[in-house]
Amino acid sequence: MRIALALSLVLAAFAAAPPRPLIIGHRGASGHRPEHTLESYRLAAEMGADFVEPDLVSTKDGVLIARHENEIGGTTDVALKFPDRKTTKTVDGQALTGWFTEDFTLAEIKTLRAKERLAFRSHEFDGRFEVPTFDQVIEVAQKMGKELGRPVGVYPETKHPSYFRGLGLPLEEKLLASLDSHNWNRREAPVFIQSFETSNLRELRKNTTVRLMQLVTTPPSVTDAALDDIASYADAIGPEKGLIVPVAADGSLLPATDLVTRAHAHHLLVHVWTLRIDKEFLPAGYHGQPEAEFEQFASLGVDGLFTDFPDVAARVLNRR
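Residues numbered from 1 in each chain as written. Predicted model: local features only at pLDDT ≥ 70, side-chain atom pairs only at ≥ 80, totals over all residues. Heavy atoms only, no water.

A word on the confidence of the model for the chain. Across the chain, the average pLDDT comes to 94, with 94% of residues at or above 70. In this model residues 1–16 is a low-confidence stretch, pLDDT under 50, and it forms zero contacts with partners more than four residues away in sequence or in other chains. (pLDDT = per-residue confidence, 0-100. Contact = heavy atoms within 4.5 Å.)

Below is the structure:
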């Protein structure tokens, strides 16, 4: 009788517990491999990521490729292979000097090799991996899903969509076409589309049933009025983590805000970014224990976590 009662209590506890947050491989497993490479995405899935996140920019001939920015001097060997293509441009009001994807054809991009962006991370894999197209990222996710026996989704971000549209290289139509060609332009597909801009998400809402996520970075962007507006076209918000757990100038942690609760009241999912275990990123308030950050955000009820280290996320979240 006591055993049966204990078992029933355990089962009830599991039934009442919320599902663990989604693990979103930020640029893949970018803490272990150069970001936005097929090898990084594949490793993220193997480590336990539910989604992999490709940032999307366009080539000169209108092909979507995975790079964090359209300036690729810091993430590829372009400076060695095309030194004469260096130029200065104004992107979203900011002057930038470097090499830009919109000045290269896909064939030229495919001659490049990726490298680690951050000096304090391993450079063991520099020069080994190519720059993938969005279609290749989808194919890897679908293949990994079959191999692992569970869904592995894609979580593309449109980078500088207004800028690219102004160049005659709009991102959104190509993005949806790629999803269509892989039978993932549908509500039940493991896909979220994210953007810092609002206008392109509003337009996307008219053209797809895929889930949309609005990236947010400031307190005015998450007032109740703002959340109500976001809920009219998006399914989720992606807050910078300081909007949920503020960090003081000395790195100490301040009390958590009520953003998760308020977003849920507006029927919005909350996918927070970005959790990293590097000492250069981890707030001092976690006292060198990166697992504590994952634990805290999970306990606050977020629905998903963007992380460069999906292996750590899986280890922490799956044991909860």
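Once that is clear, we can look at empty space enclosed by the protein. Remark: the empty space left among the atoms is shown by a probe the size of a water molecule rolled over them. Inspection of every chain in the model, using the stated rule, returns one cavity of 30 Å³ or more. For the largest cavity, the calculated volume is near 30 Å³. Ranked by the residues each element gives to the lining of the largest cavity, the list is headed by helix α5 (residues 134–148), at four residues. The residue makeup of the lining of the largest cavity, split by class, is eight nonpolar, no polar and no charged. (1 Å grid on protein atoms, 1.4 Å probe; cavity = no way out; pocket = protein on both sides within 12 Å on 5 of 7 lines; lining within 4 Å. Points joined across faces, edges and corners; volume = space filled by probe spheres on them. Helix = DSSP H or I, 4+ residues; strand = E, 2+ residues; numbered from the N terminus. Nonpolar A, V, L, I, M, F, W, Y, C, P; charged D, E, K, R; others polar.)

One pass over the full model with this rule turns up 25 salt bridges. Of the charged contacts in the structure, one is a salt bridge between Arg117 and Glu35, with a shortest N-O distance of 3.1 Å. You can see Arg117 sitting in the loop between α4 (106–109) and α5 and its partner Glu35 sitting in the loop between β1 (22–26) and α2 (38–47), a full 82 residues away along the chain. Since its relative accessible area comes to 35%, Arg117 is described here as partly exposed. For Glu35, a relative accessible area of 5% puts it in the buried group. In this structure, Asp278 and Arg121 form a salt bridge, with 2.7 Å as the shortest nitrogen-oxygen distance. (Salt bridge = Lys/Arg side-chain N within 4 Å of Asp/Glu carboxyl O. Buried < 20%, exposed > 50% of the residue type's maximum accessible area, 1.4 Å probe, protein only.)

A few words on the side chain of Thr274. Mapped onto the secondary structure, Thr274 falls in strand β12 (residues 269–275). Residue classification places Thr274 among the buried positions, given a relative accessible area of 7%.

Now for the packing of aromatic side chains. Tallied over the full model, the rule gives nine aromatic pairs. Aromatic side chains Phe120 and Phe281 sit 5.8 Å apart centroid to centroid with 65 degrees between the ring planes, which places their arrangement in the edge-to-face category. Here Phe281 lies in the loop between β12 and α11 (290–299) and Phe120 lies in the loop between α4 and α5, a separation of 161 residues in the sequence. Each residue in the set Phe51, Tyr155, Phe192 and Phe306 is aromatic and connected to the rest through ring pairs, giving one cluster. One cation-aromatic arrangement involves Arg276 over Phe281; the distance from NZ or CZ to the ring centre is 4.4 Å. (Phe/Tyr/Trp six-rings, centres within 6.5 Å; stacked < 30°, edge-to-face > 60°. Lys NZ or Arg CZ within 6 Å of the ring centre and 35° of its normal.)

Glancing now at the side chain of Thr75. Along the chain, Thr75 falls in the loop between β4 (64–66) and α3 (78–81). Setting aside anything within four residues of it in sequence, one finds Thr75 in contact with Glu35, Arg67, Arg113, Ala114, Lys115 and Arg117.

A few words on the pairing of strand β10 (residues 211–216). Counting buried positions along β10 yields five of six residues, so the element is predominantly enclosed. Bridging between strand β9 (residues 192–195) and β10 involves four bridges; their strand directions are parallel. Within the sheet, the bridge partner assigned to Ser195 lies in β10 and is Gln214. You can see the chain leave β9, run along helix α8 (residues 199–207) and come back into β10, and the turn it takes is right-handed. In the sheet, β10 pairs with strand β11 (residues 236–239) via four bridges, with the strands oriented parallel. Of the residues in β11, the one forming a bridge with Val216 is Pro239. Read from β10 through helix α9 (residues 224–230) to β11, the crossover connection turns out right-handed. (Pairing = 2+ DSSP bridges. Right-handed = clockwise from strand over helix to strand, strands pointing away.)

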